[in-house]
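Here is how the chains run, residue by residue.
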Amino acid sequence: MITFFASIALLVIAYFTYGKFIEKIFDPSDARKTPAYANADGVDYVPMHKQKNALIQLLNIAGTGPIFGPIMGALFGPVAFLWIVFGAIFAGAVHDYLTGMISIRNKGAHIPELAGKFLGNVSKHIVNVFALLLLLLVGTVFVTTPASLLAILMNGKVALWILITVIFAYYFLSTILPIDKIIGRLYPYFGAVLLIGTVGVGGALVFSDYTIPELTLANLHPDNVPIFPILFFTITCGALSGFHATQSPIISRTTQKESQGRYVFYGMMITEAVIAMIWAAAAMSMLDGQTLSEFIKTGTPSSVVNEVSMTLLGAIGGTIAVLGAIVLPITSGDTAFRAARSIIADYMKIDQKKVAKRLMIAVPLFVLSALLTQIDFNILWRYFSWANQATAAIALWIATMYLFIKGKNYFVSLVPALFITYMVFVYILNAKIGLSLDLKLSFYVGIVLTAILTVMFFIKAKNNKANKIETDVVVDDVDVNESKLA
């Protein structure tokens, strides 16, 4: 268990050390009025307390990813722990913090708007397609997976289509109603279920007779699937996930002070990594690679969640843990659709104060998603994984551009941007959903493509800096003190 406890300790320490270092580079200022106040509209721009924002951010970003991803990543063995820990500290949490804070400095802008501003209009249109594709896939996957978990929990007594319909109905209301009406009120209860279930599984695992394996760099995947690049597309949430870049602007529009950013953005990513560690450890400890593979193939990771929870915690505790696993995708699916509505509204410049205009965007989204539920989960997950990490790469390049123009230490985002960009190229070159090239050839071509992209980036960066591109939208400076906080 040394590896497991050391990993948890590193994640916690990183929040107080590397997280503080990243915060110092960005240099937040509480004298600046945040979008929650500057653009208050009672729908999306609503000031909310730090703790509530943090909980919403955690539940937004932590869909089935930090459970299903680590369970599937556990097939590779303890090497998966390395990606969760170092990926979260140096890539995922940096990604989340910088995208959230840059959004705050730009009126709560979503990633397509930020891409247009920092990378150019062509990038804006490309990222808009990527972000919407990603959100639509997330919303769809996070309808079917909680429905399948609920079906297992109810022993099939309620038809799957009924559960899907109920979840869709909740998503629809969460998408069109003001953020503080449903999401702001229900998430504290959802969060309690999640934390009780996750802590229960983690605690029961530690004190059980199961042995959490120690670190080895060997690839233990029963099908000998290559670690590079597949592991980085199997475990996304919990390490690095572009989906988070679509969610952070939701909270950048409700954040009261810039100094709350490290806790809300960096801290919640670290918390998600802890959740991922617990489920990866449980899967590795309780099921050997072949058995785990069979569970996943025959019943999706939902069956593994049910098996682990019921075995460790019994009927009552196991039910709570499964409910916690159900909460995660539901609380990401609802905000996926909400973010998609917001992105389309920003892109088409459609004001969202009136319900009719929200419905005009939301209804077609849900029709498309309903059609996508007919597609096999495993196929959807493959496309989601690639679109997810491609979005993460773009978000990190945006952050790098921002820091470069401001003359700050941009290497903190450049290094993870280079790494995940290279993995994105290798994956799509080699994968069956891509070009199906030989893996070795994909590695070489990936290097060339990453190098070309990097050269193009720095040419653009130098031009932006020479032209003094505005990095932060000017707002009236105010002192937001505690007496003013909602």
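Our subject is the structure that appears above.
Notes on the structure follow. (Residues numbered from 1 in each chain as written. Predicted model: local features only at pLDDT ≥ 70, side-chain atom pairs only at ≥ 80, totals over all residues. Heavy atoms only, no water.)

## A look at the side chain of His 221
Thought 1: With respect to the helices and strands, His 221 occurs in the loop between helix H10 (183–206) and helix H11 (227–234).
Thought 2: Assessed through its relative accessible area of 11%, His 221 is described here as buried.
Thought 3: Reaching out from His 221, the side chain makes a polar contact with the backbone nitrogen of Asp 223 at a distance of 3.0 Å.
Thought 4: If we ignore the near neighbours within four places in the chain, the residues touching His 221 are Leu 75 and Phe 76. (Helix = DSSP H or I, 4+ residues; strand = E, 2+ residues; numbered from the N terminus. Buried < 20%, exposed > 50% of the residue type's maximum accessible area, 1.4 Å probe, protein only. Polar contact = N/O pair within 3.5 Å; in protein donor to acceptor, adjacent residues only side chain to side chain. Contact = heavy atoms within 4.5 Å.)

## Considerations on the packing of aromatic side chains
Thought 1: Evaluated as defined, the whole model comprises 28 aromatic pairs.
Thought 2: Both rings, one in Phe 118 and one in Tyr 402, keep their centres 5.8 Å apart while their planes meet at 75 degrees; by these two values the pair is edge-to-face. Placement of the pair is Phe 118 in helix H7 (residues 111–119) and Tyr 402 in helix H16 (residues 377–405), with a sequence separation of 284 residues. Of the two residues examined, Phe 118 and Tyr 402, each falls in the buried class.
Thought 3: An aromatic cluster is defined as three or more aromatic residues linked by ring pairs; in this entry it consists of Phe 168, Tyr 170, Tyr 171, Phe 172, Tyr 187, Phe 190, Phe 337 and Phe 366.
Thought 4: Note that Lys 50 overlies the ring of Tyr 263, its terminal NZ or CZ placed 4.7 Å from the centroid.
Thought 5: When the ring centre of Tyr 15 is taken as origin, the NZ or CZ atom of Arg 262, which lies over that ring, is 4.6 Å away. (Phe/Tyr/Trp six-rings, centres within 6.5 Å; stacked < 30°, edge-to-face > 60°. Lys NZ or Arg CZ within 6 Å of the ring centre and 35° of its normal.)

## As for the packing of helix H17 (residues 411–430) against helix H18 (residues 439–466)
Thought 1: As a packed pair, H17 and H18 sit with axes 8 Å apart at the nearest point and diverge in direction by 135 degrees. The angle between H17 and H18 falls in the class oblique. The chirality of how H17 crosses H18 is right-handed. From H17, Leu 414, Leu 418, Thr 421, Tyr 422, Phe 425, Val 426, Leu 429 and Asn 430 reach across to H18, where they touch Leu 439, Ser 442, Phe 443, Val 445, Gly 446, Ile 447, Leu 449, Thr 450, Leu 453, Thr 454 and Phe 458.
Thought 2: Of the residues in the contact of H17 with H18, the class split is 13 nonpolar, six polar and no charged. (Axes fitted to C-alpha atoms, helices over the stretch in contact; angles between N-to-C directions. Parallel < 35°, antiparallel > 145°, perpendicular 65-115°, else oblique. Left-handed = near helix turned anticlockwise from the far one by under 90°. Nonpolar A, V, L, I, M, F, W, Y, C, P; charged D, E, K, R; others polar.)

## With respect to the nonpolar core
Thought 1: Of all hydrophobic cores here, the largest spans 165 residues; its most connected members are Ile 71, Leu 98, Tyr 171, Tyr 266 and Leu 292.
Thought 2: Counting residues per element, this core draws most heavily on helix H14 (residues 289–348), at 20 residues.
Thought 3: For Leu 98, the contacting residues outside a window of four places in its chain are Ile 22, Phe 26, Ala 399, Leu 403 and Ser 413. (Core = buried A, V, L, I, M, F, W, Y, C linked by side-chain atoms within 4.5 Å.)

## A look at a nonpolar patch on the surface
Thought 1: Taken together, the side chains of Val 355, Leu 359, Val 363, Val 367, Leu 368 and Leu 371 present a nonpolar region at the surface, about 490 Å² in accessible area.
Thought 2: Looking at where Val 367 falls in the secondary structure, it is placed in helix H15 (residues 355–372). (Patch = residues over 30% accessible without salt bridge, like charges linked within 9 Å, V, L, I, M, F, W, Y side chains within 5 Å. Areas by Shrake-Rupley, 256 points an atom, 1.4 Å probe, with all protein chains shown as cover. Salt bridge = Lys/Arg side-chain N within 4 Å of Asp/Glu carboxyl O.)

## Examining unusual backbone geometry
Thought 1: Phe 228 connects to Pro 229 through a cis peptide bond whose omega is 5 degrees.
Thought 2: Take Pro 229: it is sitting in helix H11.
Thought 3: The backbone phi angle of Asn 224 is positive, close to 55 degrees, even though this residue is not glycine.
Thought 4: Tracing the sequence through the fold places Asn 224 in the loop between H10 and H11.
Thought 5: Non-glycine residue Ser 436 carries a positive phi angle of around 60 degrees.
Thought 6: With respect to the secondary-structure elements, Ser 436 resides in the loop between H17 and H18.

## A look at H11
Thought 1: Burial within H11 is extensive, with six of its eight residues counted as buried.
Thought 2: Among all positions in H11, only Ile 227, Pro 229, Leu 231, Phe 232, Phe 233 and Thr 234 are buried.

## A word on the side chain of Arg 341
Thought 1: Inspection of the secondary structure puts Arg 341 in helix H14.
Thought 2: With sequence-adjacent residues up to four places away left out, Arg 341 is seen in contact with Asp 44, Thr 175, Gln 352, Arg 358, Ile 361 and Leu 365.

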